[in-house]
Every structure is written in structure tokens, then in C-alpha cells.
Amino acid sequence: MTGTNQPIAACAKGVSVHYGATLVLDALDLQVPTGGVYGLLGRNGTGKSTLVRCLLGQERPSRGHLELLGLDSWRHRPALMRRVGVVPETPQVPPRANADELLAMGSRLYPIWDVDEAKRRLRRFSVPSDVSFGRLSKGQQKQVELALALAQRPELLVLDDPSLGLDSVARKVLYEELLEHLAESGVTVFLTSHDLDAVERLVETVAILHRGKLLVEEPLEDLKRRFRRISLREGEALDSAIPAVLQRTSPWGREAVVAHNLQSIPESFSHEGHAMSLEEIFEALVGTETAGGES
Amino acid sequence: MIHINPSNAQPIWSQIEEGVRQLVARGVLLPASSVPSVRELAKELRVNPATISKAYRRLTDEGILEVRRGEGTFVSTSPPSLSNDDRQKRLTHAASNYAAVAITLGAAASEAIDCLQQAYSEIDEVSR
């Protein structure tokens, strides 16, 4: 990448993916800054998993290219997988192996492999190391996968919806483990999630994928500064100069969601209207209709 | 105790910064006492450690906290010395926020001032 001063851990340029006549990703651009937590949000079926597979070099896009740590994802996949830790959405671990065996396997595959730390991690969360992976609870499976992904001391950690299907306790434990690791390493984290509360607590940069493109990609703090919900009085029209994302009728009357450019947020903006949570901004941008398939 | 609300419009680091400032002002955190490490607080509040670091850095710059190398982070032994200008700005800013709330609630100026006076003496008493 050129033209930016900030080092980039992952990027996509003009990436399109077709499945038959369906365009899943549409000339998508993306930039993950080095050394922070980047959260990718999107409704089911918007191509998040496709994008993750392309980023990891597991799938070749119809057009465009992707880089991880400055290298082409597709061409340098084997070399990159030694520097990138992955917790996939569905486990890709042999279900009959137990944690001890999985850790032993890793030490043969990876040049850097911190077994001791991984074992400490699993003990801390009382994950039995002699029970086969397939027989662990879902939460324990994620702990094992995270421990395996961290054992190679990755420069980039890719977590594809890690809390999916976990109960609230298992989720909390998983995020605590991740936070513990974040506190002591400069790892870059690329996270996709439906858990907006967690995203709001963890990420520095947020991106929202919708209809094959990123609707936003910016620091979470900036995003929340730009958006406000404004109530409109009966018969009042929104000033046409104000960039509205949507206008709708709520049980309280008409309201609009407005989004300014960061450079041109008016002085008065922080007083008027209601600040919005990430969840509200997400819904305003991608809509709430329940149509749409699974990917 | 610091409470944060991630979905609040106020950035999380700013909520933490304000929370610590409150604890110091109320005398819950005494001068020279230690504050939780970045890692501890990140786990406790379940937020990114970088967010805690940012709040601590700002509090350190303001002279409310001080970092002793190898020992950790502590509440300053001496109160922060702000420039008069800076002090004035902050007071004015906080006051206009309060005034806005009072007006929204339909409180008269006298009622708002009474309320403020009471809050002031309560905190002042505790921190003595």
C-alpha cells in the first residue's frame, strides 16, 4: 500500500467475488491498521465469511487483490499462515485429537510454538487437555482454538465470529483471554462478530459490510461522533443540507438519522439529537428487514 | 468503582478518565495510593487495554496519576496544578453541561444552584 503513513496489517483492493450470477463482494476496499483491534460487522449473508476466506488466501477473488502483512494473500499463503493465527467460524481441528495432541502437532508445524503458554492458558480456564476436541463444550472448543492460534505468537490474529453460539459466561471467558493477550502483545486483531456489545468494548476501528461493499471503515470513536438521531416536529422537513441516512416514522413521530463528515460536524451537533450506540448506527445503515439468505 | 456504558456516545476512555477523576475528587482514591494496572482494569471492565492506556495517559498528563517505573501507576501526591486559563475552561465546560441538563428538566436557576451547592459540600465533606 502507498499513500498512507500508518502501517497496514491487511488490505483489500478492488476485490470482487461472483458466485454464478451473484455478486458477493463488489470492488471492495479495506485497510486494517497495524496494532489494534479491527471489527468487521455485517448481517448474515453479506459476504463476511467470503471476505475472510479471501483475506486468508483460501479463496481467490474474481477480481482485485488482498494482502496480509504486506504479502499477497493468495500467493504467499503457506508463509503467511506461520505469521497469522486464525480462529475460524467453524472449527477446522481434528475432532478426535485432545488438546495435548493438538499442541504437539502444532510444534511440528510451526517454527515458533509456545506450548507452555498454551497449556497455562487452558489450565486457567480448566479446559481438560486429555478429552478429545469433539467432546468439549462449545466454549471450551473456542478456548482450545484460541490457545492454538496464540501459540504461534501471531503478528495478526483473525477471529471469525468467535462468540457465535457461546453462552454469556463462555463469551466472557473468551474475551477475557483475548484481552489478557492484547495487554501483553502488539498483535493486530481482525474480528468479525454479531456481538455488538463486545465489538463496542474491544475495537478501535469498525467496518460495516453491506451488499458487497464497506459502508463505513473508521475509528469507532469517529463513527459515534458523526451520527445523531434527530426528532422532527410535525410538518418539519429536514434541512436538505444535512446528510440524512434515513427518515422514518417511529411511535414518537418522525425522526431522522443524520451522519456528518468528520471534518464538518457543526458546533451545535453535540447538543441536538441523540447520540447513538454502535447497534443503532449499524441498524440505521444496513436496515432491519429480515429478508436475505445465509452465506 | 468505575462504571462504563459502551453504548454511550461518550468514548469509553473518556468515561474511564472521568470515573477516575471522580474517585480522586471524592477521596475514594487517596493521594499516593496505587490504581489497578492497565491489564487488570481491562479485564475488569472488559475493554481493550489500549483504551485504558489512553485514559491513564491523559490522567497522567493532567497530573492526577503518576507512573513510577517498575512499580505501577499511582494517584499523584500533589494535586494537579492547572493553568488558570485551562482551569477556567474546564469549569465553564462542566458548568454549561450542567446548566443544559437543568434547563431541560425545567429547573429554575436558583434550584439548580442549590443542587450544585449541596453536591459540592457532600463531595467536599467525604474527601476531607
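Refer to the structure above for everything that follows.
For clarity, every value in this text was computed on a predicted model and none was experimentally measured. (Residues numbered from 1 in each chain as written. Chains lettered and ligands numbered in written order. Predicted model: local features only at pLDDT ≥ 70, side-chain atom pairs only at ≥ 80, totals over all residues. Heavy atoms only, no water.)

Asks: Mind laying out the interface of chain B and chain A, listing which residues take part and the relevant values?
Replies: Between chain B and chain A, the contact holds 18 residues from the first and 18 residues from the second. Of the roughly 1,700 Å² buried where chain B meets chain A, counting both sides, 56% is carbon and sulfur surface. Linking chain B to chain A there are four salt bridges. The residue arginine 39 of chain B makes a salt bridge to glutamate 184 of chain A at a minimum N-O spacing of 3.2 Å. One can count ten residue pairs in polar contact (both at pLDDT 80 or more) joining chain B with chain A. Mapped onto the side of chain B that touches chain A, the elements with two or more residues apiece are helix 1 (12–25), helix 2 (38–45) and helix 3 (49–61) of chain B. Among the elements that line the side of chain B that touches chain A, the one with the most residues is helix 2 of chain B, at four residues. Looking at the side of chain B that touches chain A residue by residue, the class counts come to eleven nonpolar, three polar and four charged. (Contact = heavy atoms within 4.5 Å. Buried area = accessible area lost by both parts, 1.4 Å probe. Salt bridge = Lys/Arg side-chain N within 4 Å of Asp/Glu carboxyl O. Polar contact = N/O pair within 3.5 Å; in protein donor to acceptor, adjacent residues only side chain to side chain. Helix = DSSP H or I, 4+ residues; strand = E, 2+ residues; numbered from the N terminus. Nonpolar A, V, L, I, M, F, W, Y, C, P; charged D, E, K, R; others polar.)

Asks: A description of the layout of surface pockets should follow, citing residues and the corresponding values.
Replies: All names here are of chain A. Its volume calculated, the second largest pocket comes out at about 630 Å³. Together, 21 residues line the second largest pocket, and Val86, Gln92, Leu109, Tyr110 and Gln152 are the ones closest to its centre. Listed by contribution, the elements that provide at least two residues to the lining of the second largest pocket are helix 2 (77–80), strand 6 (84–87), helix 3 (99–109) and helix 5 (138–151). For the lining of the second largest pocket, the leading source of residues is helix 3, giving four residues. (1 Å grid on protein atoms, 1.4 Å probe; cavity = no way out; pocket = protein on both sides within 12 Å on 5 of 7 lines; lining within 4 Å. Points joined across faces, edges and corners; volume = space filled by probe spheres on them.)

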